[in-house]
Amino acid sequence: QQAQAPGSRAVGSVCGIGQPGQVLEVPVTLQPGKCYTGIGGGLPPLTELQLQLVAQAPVAGAPPVVLATSTAGGGVSPVLGGKGKCFKNPLPIAGPAIFLLKFSGGQGPALATIYEK
């Protein structure tokens, strides 16, 4: 956390044992003007994880909007918006979102935390 999101605080975490295609999620509230970084980690035999921050649809039936995603090829240590490239909420009001941990390759234990600054 200190290397990717210094000075931030954890606002949500998710963990579990998964297999390819499985998604774990935790709801978060994006505060106006705040910046968000996600950090994940997994253990073998996992080979690939992905993180996403998705806005919840304001209207039932509307498709979700992906706000940010981790860089491809992050292996089992994905980072979403690390080292000063965090996702900043552009809206002047708070809004609901979902922080996702996606299992892309292999299976096993993983965790992810989203930080706010």
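Before any of the text, the structure's been laid out above.
What you see is a predicted model; the values in this text were computed from it and never measured.

A.B. asks: Before we go on, may I ask you to explain the overall build of the protein in this structure?
C.D. replies: A tally of regular secondary structure across the protein gives zero helices and nine strands. Its helices and strands in sequence order give the protein the pattern β-β-β-β-β-β-β-β-β, from N to C terminus. Computed over C-alpha atoms, the radius of gyration of the protein comes to 14 Å, within 12% of the 13 Å expected from 2.2 N^0.38 for 117 residues, which places it in the range of a compact globule. When its C-alpha atoms are laid out on the principal axes, the protein stretches across 45 × 35 × 20 Å. Taking all 117 residues of the protein together, 40% fall into the buried category. Across the protein, contacts joining residues at least 24 apart in sequence account for 80% of those joining residues at least 6 apart. Here the protein displays about 6,200 Å² of accessible surface, and carbon together with sulfur accounts for 61% of that area.

A.B. asks: Which parts of the structure should I look at to understand unusual backbone geometry?
C.D. replies: Peptide bonds are trans in most cases, and residues, glycine excluded, mostly fall at negative phi. With an omega dihedral of 15°, the bond running from Pro44 to Pro45 counts as a cis peptide bond. Note on placement: Pro45 falls in the loop between strand 3 (35-42) and strand 4 (48-55). A positive phi angle is found at Lys83, which is not glycine, with a value near 50°.

A.B. asks: Before we go on, may I ask you to explain the nonpolar core in this structure?
C.D. replies: Within soluble globular proteins, side chains that are nonpolar generally end up buried alongside one another. Counting residues in each nonpolar core, the largest one holds 20 residues, and the members touching the most others are Val28, Leu30, Leu53, Phe99, Leu101 and Phe103. Residue assignment for this core shows that the elements contributing at least two residues are strand 2 (23-30), strand 4, strand 8 (95-105) and strand 9 (108-116).

A.B. asks: Sorry if this is basic, but what is going on with the pattern of salt bridges here?
C.D. replies: Two side chains of opposite charge can pair, provided their charged atoms sit close to one another. Throughout the structure, instances matching the rule amount to one salt bridge. Between Arg9 and Glu116 there is a salt bridge, with its nearest N and O atoms 3.0 Å apart. With Arg9 in strand 1 (residues 9-18) and Glu116 in strand 9, this residue pair connects regions lying 107 residues apart in the sequence. Given a relative accessible area of 8%, Glu116 falls into the buried group.

A.B. asks: Looking at this structure, how should I read the sheet that holds strand 8?
C.D. replies: Pairing between the strands of a sheet is mediated by backbone hydrogen bonds and can be parallel or antiparallel. Strand order in the open sheet formed by four strands is 2-8-4-5, with antiparallel pairing between adjacent strands. Single-partner strands in this sheet number two, and they are strand 2 and strand 5 (65-69). Pairs of neighbouring strands in the sheet enclose a mean axial angle of 30°, with direction left out of account. When strand 4 meets strand 5, the two strands line up antiparallel, connected through four bridges. Paired with Val54 across the strands is Val66, a residue of strand 5.

A.B. asks: Could you clarify how one ought to interpret the side chain of Ser8 in this entry?
C.D. replies: By the secondary structure assignment, Ser8 is in the segment before strand 1. The class for Ser8 is buried, based on a relative accessible area of 14%. Side-chain polar atoms of Ser8 contact the backbone oxygen of Ala5, separated by 2.5 Å.

A.B. asks: Would you mind showing me how to read the side chain of Ser70 here?
C.D. replies: Among the structural elements, Ser70 can be located in the loop between strand 5 and strand 6 (79-80). The exposure class of Ser70 is buried, given its relative accessible area of 6%. Apart from residues lying up to four places away in sequence, Ser70 is in contact with Gln50, Leu51, Pro78, Val79 and Leu80.

Cut-offs applied
Residues numbered from 1 in each chain as written. Predicted model: local features only at pLDDT ≥ 70, side-chain atom pairs only at ≥ 80, totals over all residues. Heavy atoms only, no water. Helix = DSSP H or I, 4+ residues; strand = E, 2+ residues; numbered from the N terminus. Rg over C-alpha atoms; globule rule 2.2 N^0.38 Å. Buried < 20%, exposed > 50% of the residue type's maximum accessible area, 1.4 Å probe, protein only. Contact = heavy atoms within 4.5 Å. Areas by Shrake-Rupley, 256 points an atom, 1.4 Å probe, with all protein chains shown as cover. Core = buried A, V, L, I, M, F, W, Y, C linked by side-chain atoms within 4.5 Å. Salt bridge = Lys/Arg side-chain N within 4 Å of Asp/Glu carboxyl O. Pairing = 2+ DSSP bridges. Axes fitted to C-alpha atoms, helices over the stretch in contact; angles between N-to-C directions. Polar contact = N/O pair within 3.5 Å; in protein donor to acceptor, adjacent residues only side chain to side chain.

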